[in-house]
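# Tertiary structure, described
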Amino acid sequence: MIVTKAQRQILFALGEFYKQLNQPLEAKPVQLRTSKVVFITFLLHSGIVAKQERALYKNLEMLEQKRLITYENRMIRFTNAGIFILKKIDKEIEEFLKIKQFFSEKLSLKKEFQTVMELRKR
């Protein structure tokens, strides 16, 4: 199944939203859910997503058509396929973060590396 970059971003944002929303309740047998309207409003006010409101609605509709999310009583819920894709995205991001952390730690050491300084071409 092909999931576009924009759809992956929305899926990831929803996953992170739910992680933070439910973090205080991890030890409890309950989970919080949100509606499409509340989630989109939150994204629009965050300033993180540069999409228009209608584009966010369309992306959520496409995620529903691809059966990655579903709605129960107007609340967004991940399907098993959606959770699978979300885990793949998390794993991919984790790999990039490990690379970033590795270089920030190794290059911050006071060792000298063989480097060449070059003027940028304009």
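Described in the following lines is the structure provided in the data block. It should be emphasised that the depicted structure is a prediction, and the values quoted were computed from it without experimental measurement.

## Topic: the nonpolar core
If you look at the biggest cluster of nonpolar residues, it comprises 21 residues, and the most contacted ones within it are Leu 11, Phe 39 and Ile 69. Looking at this core, the elements with two or more residues in it are α1 (5-22), α2 (36-46), α3 (53-65), β2 (75-78) and α4 (80-106). With 6 residues, the top contributor of residues to this core is α1. Not counting chain neighbours up to four residues away, the residues in contact with Leu 11 comprise Leu 63, Leu 68, Ile 69, Phe 78, Gly 82, Ile 85, Leu 86 and Ile 89.

## Brief notes about the environment of Met 1
Its location among the elements puts Met 1 in the segment before α1. Here Met 1 falls in the exposed class, since its relative accessible area comes to 63%. Residues Met 1 and Ala 81 lie 80 residues apart in sequence; the distance between their C-alpha atoms is 9.9 Å. Excluding residues that lie within four positions of it along the chain, Met 1 makes contacts with Lys 66 and Leu 68.

## Some thoughts on the layout of surface pockets
If you add up the space inside the largest pocket, you get close to 370 Å³. Lining the largest pocket are 17 residues, with Arg 8, Gln 9, Phe 12, Ala 13 and Glu 16 sitting closest to its centre. Going through the elements one at a time, α1, α2 and α4 are the ones with two or more residues in the lining of the largest pocket. Sorting elements by how many residues they give to the lining of the largest pocket places α1 first, with 7 residues. Residues of the lining of the largest pocket, tallied by class, amount to 11 nonpolar, 2 polar and 4 charged.

## Regarding the side chain of Thr 79
Secondary-structure assignment places Thr 79 in the loop between β2 and α4. Aside from chain neighbours lying at most four places away, what touches Thr 79 is Arg 67, Leu 68, Ile 69 and Thr 70.

## Some details on unusual backbone geometry
Its identity is not glycine, yet Arg 67 carries a phi of approximately 60°, on the positive side. Relative to the helices and strands, Arg 67 is located in the loop between α3 and β1 (69-72). Residue Arg 67 is classed as exposed on the basis of its relative accessible area, which comes to 65%.

## So, α4
Compared with the 39 Å implied by 1.5 Å per residue over 27 residues, the 39 Å span of α4 between its first and last C-alpha is a close match. Residues Gly 82, Ile 85, Leu 86 and Ile 89 constitute the buried set of α4.

## Focus on the packing of aromatic side chains
By the definition in use, this model includes 5 aromatic pairs. With a centroid separation of 6.2 Å and an interplanar angle of 75°, the aromatic rings of Tyr 18 and Phe 78 are classed as edge-to-face. Of this pair, Tyr 18 sits in helix α1 while Phe 78 is found in strand β2, placing the two residues 60 residues apart along the sequence. Within the aromatic cluster, the residues linked to one another by ring pairs are Phe 17, Tyr 18, Phe 39, Phe 42 and Phe 78.

Procedures and definitions
Residues numbered from 1 in each chain as written. Predicted model: local features only at pLDDT ≥ 70, side-chain atom pairs only at ≥ 80, totals over all residues. Heavy atoms only, no water. Core = buried A, V, L, I, M, F, W, Y, C linked by side-chain atoms within 4.5 Å. Buried < 20%, exposed > 50% of the residue type's maximum accessible area, 1.4 Å probe, protein only. Helix = DSSP H or I, 4+ residues; strand = E, 2+ residues; numbered from the N terminus. Contact = heavy atoms within 4.5 Å. 1 Å grid on protein atoms, 1.4 Å probe; cavity = no way out; pocket = protein on both sides within 12 Å on 5 of 7 lines; lining within 4 Å. Points joined across faces, edges and corners; volume = space filled by probe spheres on them. Nonpolar A, V, L, I, M, F, W, Y, C, P; charged D, E, K, R; others polar. Expected span 1.5 Å × (residues − 1). Phe/Tyr/Trp six-rings, centres within 6.5 Å; stacked < 30°, edge-to-face > 60°.

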